[in-house]
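Geometric and topological summary
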Amino acid sequence: MLFRLSILEDIKSWLTDALFPRRCLKCGYFDTWCCFKCLSELQFRRQLHCPTCSVATTIGEFCDNCKANHFLNGVWSAQPYGNKLIKQLIHDLKFEYISEIADHLGHLMAVTLQTFTLPPAWHAIPKDKWQLVPIPLAKSRLRKRGYNQALKLAEKVSAEMNLKIIEILERTRDTLQQSKLAPELKNTNLKNAFQIKSGINLNGGAFILVDDVYTSGATLEEAARILKQAGASEVWGLTAAYG
């Protein structure tokens, strides 16, 4: 199955190169989907905040007033989703089947971790024990897309940050596309949609859930709930965009 997906991805990549030559999605520069100049113009946060109320926090954790409502410990996101370039990159990664865009977005995610020295060196759990967990894609969308964009992002972050990837989550069922649902339906859409793969022992570990966008937080929260119930000590989110 994985071999077949790899072949399909190669075919899609070849067709994309032939029919739609790489051009920067912002300025039109050839041979890249996002040129160095346009990437360098992006502004990064100078302070991390509570993902719910936006009050400043030390390392992007949920503040004291908000943390009781979350299974996640906090969320780290690289860029605002309202940025037109970021929004287009994410769209084309997911819906135009341009998998190599994950390298650009994954790099921005890695820069965010580097900027704020995350995971923190002072944490009780040493950095080499933190592991990246890509959010699994619904099987129907995986067949159509040929790859899981969260895994592609995690692979880039792993390469730049020397963090191990562990695919311990799996989907129990297909779900509706979150972005097309009303806010009040997003949590119920994902309820019990994930489970830990058989034979996995989390043993109090620290995990970083990787996804493309943090909006309502429903996807990351449900995945964090499953990990925490299975024994995870810390679960954080890492995304390319927020908002």
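Conventions used here
Residues numbered from 1 in each chain as written. Predicted model: local features only at pLDDT ≥ 70, side-chain atom pairs only at ≥ 80, totals over all residues. Heavy atoms only, no water. Helix = DSSP H or I, 4+ residues; strand = E, 2+ residues; numbered from the N terminus. Rg over C-alpha atoms; globule rule 2.2 N^0.38 Å. Buried < 20%, exposed > 50% of the residue type's maximum accessible area, 1.4 Å probe, protein only. Contact = heavy atoms within 4.5 Å. Areas by Shrake-Rupley, 256 points an atom, 1.4 Å probe, with all protein chains shown as cover. Pairing = 2+ DSSP bridges. Axes fitted to C-alpha atoms, helices over the stretch in contact; angles between N-to-C directions. Parallel < 35°, antiparallel > 145°, perpendicular 65-115°, else oblique. Left-handed = near helix turned anticlockwise from the far one by under 90°. Nonpolar A, V, L, I, M, F, W, Y, C, P; charged D, E, K, R; others polar. Disulfide = S-S within 2.5 Å. Lys, Arg positive; Asp, Glu negative; His and termini not counted. Salt bridge = Lys/Arg side-chain N within 4 Å of Asp/Glu carboxyl O. Expected span 1.5 Å × (residues − 1). Right-handed = clockwise from strand over helix to strand, strands pointing away.

To continue, consider the overall build of the protein. Broken down by element type, the protein carries 8 helices and 7 strands. Taken over the C-alpha trace, the protein has a radius of gyration of 18 Å; the compact-globule value for 243 residues is 18 Å, and the two agree within 12%. The 243 residues of the protein split such that 49% are buried. Within the protein, contacts between residues separated by at least 24 positions form 70% of all contacts whose residues are at least 6 apart in sequence. Just so you have it, the protein exposes about 12,600 Å², and 53% of that area is on carbon and sulfur atoms.

This part covers the pairing of strand 2 (residues 130-134). By the criterion of burial, strand 2 is predominantly enclosed, with 5 of the 5 residues buried. Side chains Trp130, Leu132 and Pro134 project from strand 2 onto one buried face, and the interleaved Gln131 and Val133 project onto a second face that is buried too. Here 5 bridges tie strand 2 to strand 6 (residues 206-214), and the two strands are oriented parallel to one another. Bridge pairing in strand 6 links Leu132 to Ile208.

Turning next to the packing of helix 3 (residues 84-95) against helix 4 (residues 101-115). Where helix 3 contacts helix 4, the axes come no closer than 9 Å and their chain directions differ by 135°. The orientation of helix 3 with respect to helix 4, classified from their angle, is oblique. The two elements helix 3 and helix 4 cross, and the hand of that crossing is left-handed. Residues Ile86, Leu89, Ile90, Asp92 and Leu93 of helix 3 form the contact with helix 4, whose own contacting residues are Ile101, Ala102, Leu105 and Leu108. Of the residues in the contact of helix 3 with helix 4, the class split is 8 nonpolar, no polar and 1 charged.

Turning our eyes to something else, we now look at the state of the cysteines. Taken as a whole, this structure holds 0 disulfides when the rule is applied. The thiol sulfur of Cys63 is not disulfide-bonded, and the nearest other cysteine sulfur, from Cys66, lies at 3.5 Å.

The topology assignment puts Arg141 in helix 5 (residues 139-145). An unpaired buried charge is present at Arg141: no salt bridge exists, and Asp174, the closest side chain of opposite charge, is 6.6 Å distant. Not counting the four nearest positions on each side in its chain, Arg141 is found in contact with Gly146, Thr175, Leu176 and Gln177.

Right, let's get into helix 4. Under the 1.5 Å per step criterion, the end-to-end length of helix 4 is 22 Å for 15 residues, consistent within 8% with the ideal 21 Å. Within helix 4, 11 of the 15 residues are buried, leaving the element largely enclosed by the surrounding structure. Along helix 4, the residues that are buried comprise Ile101, Ala102, His104, Leu105, Gly106, Leu108, Met109, Ala110, Val111, Thr112 and Leu113. Where the residues of helix 4 are buried, they touch helix 2 (36-40), strand 1 (74-80), helix 3, helix 6 (149-161), strand 6 and strand 7 (234-242). Just downstream of helix 4, Thr117 is the residue with a positive phi angle, here 50°.

Where strands meet in a sheet, backbone hydrogen bonds hold them as pairs that are either parallel or antiparallel. Pairing in this open sheet of 5 strands is parallel, and the strands run 1-7-6-2-3 from one edge to the other. Looking along the sheet, the strands with just one partner apiece sit at the ends: strand 1 and strand 3 (164-165). With 8 bridges connecting them, strand 6 and strand 7 associate as parallel partners. Across the sheet, residue Tyr214 finds its bridge partner in strand 7, namely Tyr242. Sheet strands touched by helix 8 (residues 218-229): strand 6 and strand 7. Its angle to strand 6, the strand with the most contacts, is close to 165°.

Let's shift gears to the pairing of strand 6. The buried fraction of strand 6 amounts to 9 of the 9 residues, a majority that puts the element mostly inside the structure. The parallel pair strand 6 and strand 7, bridged by helix 8, forms a crossover whose chirality is right-handed.

Attention now goes to the environment of Leu163. Tracing the sequence through the fold places Leu163 in the loop between helix 6 and strand 3. Put simply, Leu163 and Leu132 are 31 residues apart on the chain and 6.7 Å apart in space, counted from C-alpha to C-alpha. Discounting residues that sit within four places of it in the chain, Leu163 has contacts with Leu113, Pro119, Lys127, Trp130, Leu132, Ser158 and Ile208.

For the rest of this paragraph, the subject is unusual backbone geometry. Geometrically, the link from Leu118 to Pro119 is a cis peptide bond, its omega value of -10° lying close to zero. Looking at the secondary structure, you find Pro119 in the loop between helix 4 and strand 2. Even without glycine at this site, Thr117 takes up a positive phi of about 50°. Considering the arrangement of structural elements, one finds Thr117 in the loop between helix 4 and strand 2. Despite not being glycine, Asn162 has its phi angle at roughly 55°, a positive value. Of note, Asn162 is situated in the loop between helix 6 and strand 3. Classification of Asn162 as exposed rests on a relative accessible area of 70%.

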